[in-house]
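So the chains spell out like this:
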Amino acid sequence: MHTAYWFSQPVDHFGKNPSIWKQQYLVNATFYKPGGPIYITTPGESPVSNSYIDQTHFTQLAKSTGGILVNVEHRFFGKSNPMPDLSGNSLQYLTIENVLEDFAAFTRAAKYRPDSVFPVSVSRNSKVIFGGGSYAGNIAAWMRATYPDLVLGAWASSAIVYARLLYYQFDQSYGKHLEALGCAKEFSQAIDQADTVLLSGNTTLLVDMQKQFGLPTGLSASDTAGLLSLLSTAYSMRDVSKTADYVDRNVCAFFKDSSNTPIEAYAALVQAVIENNKMSLDILEQTGNSSYGIDDYTLGQVGRVWYYMECTWFGNWQVAPPPDTGLPSYRSQLVNRLYFEPNCKKKFGDNIKIPVDVQKYNTKWFSPLQKSSNIYYTSGSLDIWRDATVAAYSGNLLPNSSKSPIVLIEGATHVQDLRMDSPDDLDSVTKARRTGDALVAKWLG
């Protein structure tokens, strides 16, 4: 276990609230040699954890380069809370500007006043590499783009840097994975069959279906649809290796069983997810009820904080494809914009503007990446978030250059390149890591 350390930050870096709070971080100095680099990572929407500095590819990088590892918690997640609650009034300080300045302030201290943050002696003016995956990959890219004087380079894995108000591409990406495994058609048929009940308005049929799937019978049709979507995509980000594909074993297996009709396979899948995750009916009720906890402002609610970011930053609502697209559905048509947006005001107050302005977001936070260098972008070809990364299905959203290369990892899912090396890794994953290692070595000189 690594000791938790705390770094002082203002609630608002831009003057509105100068009160001080403590940001948690962990350090692994096992491999550090004088003059070695500083690898700063963040778990994004998760709490800091030993695994982020002991069991990721950055651990291997630190070992090979004599670097020191730091995992810094994001404001309003884990134990790093600038305010006493998660009300809309408190969350007004959850802005991208404040988030980045938190990390910049820490990086300045690590770089120029290392004795103030590290438990061991670290060379002044050390080179800093920032890394992260998924939303944390955004932060890595933004830190290099916004503070190039502090951050020498960034490794941004599956970084969801391009916002879409309605992210129906989530399921389309998952569908490509299911199609490769031979069960996409049956999965989509099951969704359509379930929708005949969910859209019927028939309470008796709804209750019968809820019982068939092992769900609480008190949920509305809309909340049942949302819960089914959550449960049936629970394994969509699992890694693919040379020897195993978790989605094949734990999703497609039900649909490939000839004794099951599509709707029976769908029910069996959902029941298995519930059982594997030991979810009681009470937990399922809380998870599925979109009104649950609307007035609960207590700290520690990851979902509430993330919802605020969706409402006010980037949208990315994971919805069914609009009917006029002609695309197959892998979640109910009830899971649409109206399923998500009304709760923005209910949870956080009437001052929340809906819909969120994703064009403004992309102009401010995506566009600057086009001019940035020393950012390594990776994305799995089967990543459900691929169309929010720079390696979209329609083509790369940024120039693929030697200064900021984009690597599409064939057959991989979400953030696979940031795992520790394993003999079972896909060759494409191993190749992406070695490409990144060579870039980091080049940046470090």
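All of these numbers come straight from a predicted model, not from anything done at the bench.

## Section: the nonpolar core
Of all hydrophobic cores here, the largest spans 119 residues; its most connected members are Leu 178 and Tyr 266. It is helix 4 (residues 96-112) that provides the largest number of residues to this core, a total of nine residues. Residues contacting Leu 178, with those up to four places away along its chain left out, are Cys 183, Ala 184, Phe 187, Val 247, Val 251, Cys 252 and Tyr 330. Counting 23 residues, the second-largest nonpolar core is a separate cluster that includes Tyr 39, Ile 53, Ala 62 and Val 240.

## Some details on the state of the cysteines
The term disulfide refers to a covalent linkage connecting the sulfur atoms of a pair of cysteines. Scanning the model with the defined rule gives two disulfides in all. The residue that forms a disulfide with Cys 183 is Cys 252, at a sulfur-sulfur distance of 1.9 Å. The disulfide joining Cys 183 to Cys 252 has a torsion of about -55 degrees about its S-S bond and is therefore left-handed. Pair noted here: Cys 183 is in the loop between helix 6 (169-181) and helix 7 (184-198) and Cys 252 is in helix 10 (residues 246-256), with a separation of 69 residues, a long-range link. Each member of the pair, Cys 183 as well as Cys 252, is classed as buried. Put simply, Cys 311 and Cys 344 are joined by a disulfide, and their sulfur atoms are 2.1 Å apart. Between Cys 311 and Cys 344, the S-S dihedral sits near -85 degrees, and the bridge is therefore left-handed. Of the two residues, Cys 311 sits in helix 13 (residues 302-314) while Cys 344 sits in helix 15 (residues 342-348), which places them 33 residues apart along the sequence.

## Overview of the side chain of Asn 98
Checked against the element boundaries, Asn 98 lands in helix 4. For Asn 98, the side chain forms a polar contact with the side chain of Asp 12, separated by 3.4 Å. Among the polar contacts made by the side chain of Asn 98, one reaches the main-chain amide nitrogen of His 13 at a distance of 2.9 Å. With residues near it in sequence (within four places) discarded, Asn 98 still touches Val 11, Asp 12, His 13, Phe 14, Arg 75 and Tyr 93.

## Focus on helix 11 (residues 262-276)
An α-helix turns once per 3.6 residues; consequently, residues spaced three or four apart project the same way. Taking 1.5 Å per residue, 15 residues should reach 21 Å; helix 11 reaches 21 Å between its end C-alpha atoms and fits that length. Every buried residue belonging to helix 11 is among Pro 262, Ile 263, Ala 265, Tyr 266, Ala 267, Leu 269, Val 270, Ala 272, Val 273 and Ile 274, and all of these are buried. Looking at the packing, one finds that the buried side of helix 11 touches helix 7, helix 8 (203-213), helix 9 (221-232), helix 10 and helix 12 (281-288). Among the residues trailing helix 11, Lys 278 stands out with phi positive, at a value near 50 degrees.

## A look at the packing of aromatic side chains
Evaluation of the coordinates by the stated rule reveals 27 aromatic pairs. With a centroid separation of 6.0 Å and an interplanar angle of 80 degrees, the aromatic rings of Phe 58 and Trp 155 are classed as edge-to-face. Residue Phe 58 is found in helix 2 (residues 57-65), and its partner Trp 155 is found in strand 6 (residues 153-157); the two are separated by 97 residues along the sequence. Both residues of the pair, Phe 58 and Trp 155, count as buried. Seen in terms of ring centroids, Phe 213 and Tyr 266 are 5.2 Å apart; in terms of plane orientation they differ by 80 degrees. Their pairing is edge-to-face. Separated by 53 residues along the polypeptide, Phe 213 in helix 8 and Tyr 266 in helix 11 bring together distant segments of the chain. Of the two residues, Phe 213 and Tyr 266, neither departs from the other in class, the shared state being buried. Seen from the ring of Tyr 393, Lys 176 lies directly overhead, with NZ or CZ sitting 5.0 Å from the centre.

## Let's talk about the packing of helix 9 against helix 11
Between helix 9 and helix 11, whose axes approach to 9 Å, the crossing angle comes to 75 degrees. As judged from the angle between their axes, helix 9 and helix 11 are roughly perpendicular. Taking contact as the criterion, the partners of Leu 228, Leu 231 and Ser 232 in helix 9 are, on helix 11, Tyr 266, Leu 269, Val 270, Val 273 and Ile 274. A breakdown of the residues in the contact of helix 9 with helix 11 according to their chemical character gives seven nonpolar, one polar and no charged.

## Looking at the sheet that holds strand 7 (residues 375-380)
On the basis of which strands lie adjacent, the open sheet formed by eight strands has the order 1-2-4-3-5-6-7-10 and mixed pairing. The open sheet has two edge strands with one neighbour each: strand 1 (4-10) and strand 10 (406-409). Averaged over all adjacent pairs, the angle separating strand axes in this sheet is 25 degrees, with direction ignored. Here five bridges tie strand 5 (residues 128-133) to strand 6, and the two strands are oriented parallel to one another.

The rules behind the values
Residue positions are given per chain, counted from 1 along the sequence in the order it is written. For a predicted model such as this one, the threshold for reporting local features is a pLDDT of at least 70, and the threshold for listing and counting side-chain atom pairs is 80 or more; totals across whole chains, interfaces and linings nevertheless cover every residue. Side-chain figures throughout are based on the complete set of non-hydrogen atoms in the structure, without hydrogens or water. In this description, a nonpolar core means a group of buried Ala, Val, Leu, Ile, Met, Phe, Trp, Tyr and Cys residues linked to one another through side-chain atoms lying within 4.5 Å. Each residue gets one of three labels from its accessible area relative to the maximum for its type: buried under 20%, exposed over 50%, partly exposed in between, using a 1.4 Å probe on protein chains only. In this description a helix means any DSSP run of H or I spanning at least four residues, a strand means any run of E spanning at least two, and both kinds are numbered starting from the N terminus. Any pair of residues with heavy atoms lying within 4.5 Å of one another is described as a contacting pair. Here, two cysteine sulfur atoms that lie within 2.5 Å of each other are counted as a disulfide. Under the rule applied, a polar contact is a pair of N or O atoms within 3.5 Å (in protein, one hydrogen donor and one hydrogen acceptor; residues adjacent in sequence only if both atoms are side-chain atoms). In this scheme, a helix's expected span is set at 1.5 Å multiplied by one less than its residue total. Two rings belonging to Phe, Tyr or Trp (six-membered ring only in the last case) form a pair when the distance between their centres is within 6.5 Å. Interplanar angles under 30 degrees mark stacking, angles over 60 mark edge-to-face geometry, and anything in between is tilted. Should the NZ of a Lys or the CZ of an Arg lie within 6 Å of a ring centre and within 35 degrees of the ring normal, that charge is described as sitting over the ring. A fitted line through C-alpha atoms serves as each axis, taken over the contacting stretch for helices, and the angle formed by two N-to-C directions is quoted from 0 to 180°. Any angle that falls under 35 degrees is termed roughly parallel, while one over 145 is termed roughly antiparallel, one within 65 to 115 roughly perpendicular, and all others oblique. Following the grouping adopted for this structure description, the nonpolar residues are Ala, Val, Leu, Ile, Met, Phe, Trp, Tyr, Cys and Pro, the charged ones are Asp, Glu, Lys and Arg, and the polar ones are all others, Gly among them. A pair of strands is considered paired only if DSSP assigns at least 2 bridges between the two.

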